[in-house]
Amino acid sequence: MSAIRGARERARIEVTAAIKDEARKQLAAEGAAKLSLRAVARELGMVSSALYRYFPSRDDLLTALIVDAYDAVGEAAERAHRTAAERTRGAAAGRTAAASSGAPATGLARWVAVACAVRDWALAHPHEYALIYGSPVPGYSAPQDTVGPAARVGMVLIAIVEEAHRDEGLALPPLPDELRPEGERLAADVAPGLAPAVAAPLVAAWSQLFGLISFEVFGQFNRVVEAREVFFRQAVTELARTVGLLGRRG
């Protein structure tokens, strides 16, 4: 009986993957607003009623695609963070020598690595990026299931700044008095391990990171920016400055 159940589970996984793959093809060809369960079923040689056993509605299929996209870009960010951490662990252990040689701060190296990984994923998957960071899909309201996956990149950025605060110290930016209540709220809700003076610019840097990527993915840099990778690296380095990542304890 367990063998039969296992075979059924494998078959369901394979069919679910095929449905998602076909839906992604439709996203690329027609856009999310025109995603159709009937069209997906037709391309797969399925009757609509069979497909509904996997995804009861278009919105359920959209949610699955959105969660997959958020998880994919989140995994890319987390992987880049782990790799950069391994590369800079030795520099962190010899922080005094690194500082005297003018080597970049560990936090800065991790920040740039993660930002570049997110950009690379977006450029390699423009239609999936558009699904999660482009125009809202008419008639679709994202459920709570998408919140955790959507936060993965942000949580990596928060972790980088928290690690730098602990290990290197941060050059804290001044927080205007009129922004202090919002900074305190953001620190409490989003990044409890950071001061309000860091939490507010961190949220701004997070949004600006995706603004830079969106401009490139959606073509706004055409005939404007040519050396895009160099431009991007410099821009995200400046964003790191706004959250204090270029400072060390003196």
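1. Regarding the pattern of salt bridges
Following the criterion strictly, the structure yields 15 salt bridges and no others. Here Asp 120 and Arg 119 are joined by a salt bridge, their closest N and O atoms 3.9 Å apart. On the basis of relative accessibility, which here comes to 46%, the residue Asp 120 falls in the partly exposed class. We classify Arg 119 as buried; its relative accessible area is 9%. Measuring nitrogen to oxygen at the nearest pair gives 2.9 Å for the salt bridge that ties Glu 216 to Arg 119. Residue Glu 216 is found in helix H11 (residues 196-217), and its partner Arg 119 is found in helix H6 (residues 106-124); the two are separated by 97 residues along the sequence. Residues participating in the shared-partner salt-bridge network are Lys 20, Asp 21, Arg 24, Asp 68 and Glu 128.

2. Considering the packing of H6 against helix H9 (residues 152-167)
Between two packed helices, both the angle of their axes relative to each other and the distance between the axes serve to describe the pair. Viewed as axis vectors pointing N to C, H6 and H9 meet at an angle of 170°, and their least axial separation amounts to 9 Å. When the axis of H6 is compared with that of H9, the two are roughly antiparallel. Here H6 contributes Gly 107, Arg 110, Trp 111, Val 114 and Val 118 to the contact with H9, which in turn contributes Val 153, Val 156, Leu 157, Ile 160, Val 161, Glu 163 and Ala 164. A per-class count over the contact of H6 with H9 returns nine nonpolar, one polar and two charged.

3. Some words on helix H12 (residues 228-242)
Between its first and last C-alpha atoms H12 spans 21 Å; for 15 residues at 1.5 Å apiece the expected length is 21 Å, and the two agree. For H12, every residue scored as buried is listed here: Phe 232, Ala 235, Val 236, Thr 237, Leu 239 and Ala 240. Structurally, H12 contributes buried residues whose contacts are with H6 and H11. Positive phi shows up at Gly 244, right after H12, with a value of about 85°.

4. Some points on the packing of aromatic side chains
Enumeration over the complete set of coordinates arrives at six aromatic pairs. Between Phe 221 and Phe 231, the ring centres sit 5.6 Å apart and the planes meet at 75°, which makes this aromatic pair edge-to-face. Taken together, the residues span a long stretch of sequence, with Phe 221 in the loop between H11 and H12 and Phe 231 in helix H12 at a distance of 10 residues. For Phe 231, a relative accessible area of 38% corresponds to the partly exposed category. By the ring-pair criterion, three or more aromatic residues cluster together here, those being Tyr 70, Tyr 129, Tyr 133, Phe 210 and Phe 218. Between the NZ or CZ atom of Arg 119 and the centre of the ring of Phe 232, over which it lies, the distance is 5.5 Å.

5. Digging into the environment of Gly 244
Among the secondary structure elements, Gly 244 is positioned in the segment after H12. Of the residues examined, Gly 244 reaches a relative accessible area of 1% and is grouped as buried. Sequence-wise, Gly 244 and His 165 are 79 residues apart; in three dimensions their C-alpha atoms are separated by 8.7 Å. Discounting residues that sit within four places of it in the chain, Gly 244 has contacts with Gly 169, Leu 170 and Ala 171.

6. A few points about the side chain of Thr 237
Mapped onto the secondary structure, Thr 237 falls in helix H12. At 2.8 Å, the side chain of Thr 237 and the backbone oxygen of Arg 233 are in polar contact. Apart from residues no more than four positions distant in its own chain, Thr 237 is found in contact with Leu 108 and Val 112.

7. Here's the deal with unusual backbone geometry
You will see that Arg 223, though not glycine, has its phi angle at about 65°, which is positive. With respect to the helices and strands, Arg 223 occurs in the loop between H11 and H12. Given the relative accessible area of 84%, Arg 223 is considered exposed.

8. Points about the nonpolar core
Counting 62 residues, the largest nonpolar core has Trp 111, Val 161, Leu 209, Val 236 and Leu 245 as the members making the most contacts within it. Counting only elements with at least two residues in this core, the list comes to helix H1 (2-30), helix H2 (37-44), helix H4 (58-93), H6, helix H7 (126-133), H9, H11 and H12. The element best represented in this core is H4, accounting for 11 residues. Excluding its chain neighbours within four sequence positions, the residues that come into contact with Val 161 are Trp 111, Leu 170, Leu 194, Val 198, Leu 202, Val 243 and Leu 245. Counting residues in each nonpolar core, the second largest holds six residues, with Leu 175, Leu 186, Ala 197 and Ala 200 among its members.

What counts, and at which threshold
Residues numbered from 1 in each chain as written. Predicted model: local features only at pLDDT ≥ 70, side-chain atom pairs only at ≥ 80, totals over all residues. Heavy atoms only, no water. Salt bridge = Lys/Arg side-chain N within 4 Å of Asp/Glu carboxyl O. Buried < 20%, exposed > 50% of the residue type's maximum accessible area, 1.4 Å probe, protein only. Helix = DSSP H or I, 4+ residues; strand = E, 2+ residues; numbered from the N terminus. Axes fitted to C-alpha atoms, helices over the stretch in contact; angles between N-to-C directions. Parallel < 35°, antiparallel > 145°, perpendicular 65-115°, else oblique. Contact = heavy atoms within 4.5 Å. Nonpolar A, V, L, I, M, F, W, Y, C, P; charged D, E, K, R; others polar. Expected span 1.5 Å × (residues − 1). Phe/Tyr/Trp six-rings, centres within 6.5 Å; stacked < 30°, edge-to-face > 60°. Lys NZ or Arg CZ within 6 Å of the ring centre and 35° of its normal. Polar contact = N/O pair within 3.5 Å; in protein donor to acceptor, adjacent residues only side chain to side chain. Core = buried A, V, L, I, M, F, W, Y, C linked by side-chain atoms within 4.5 Å.

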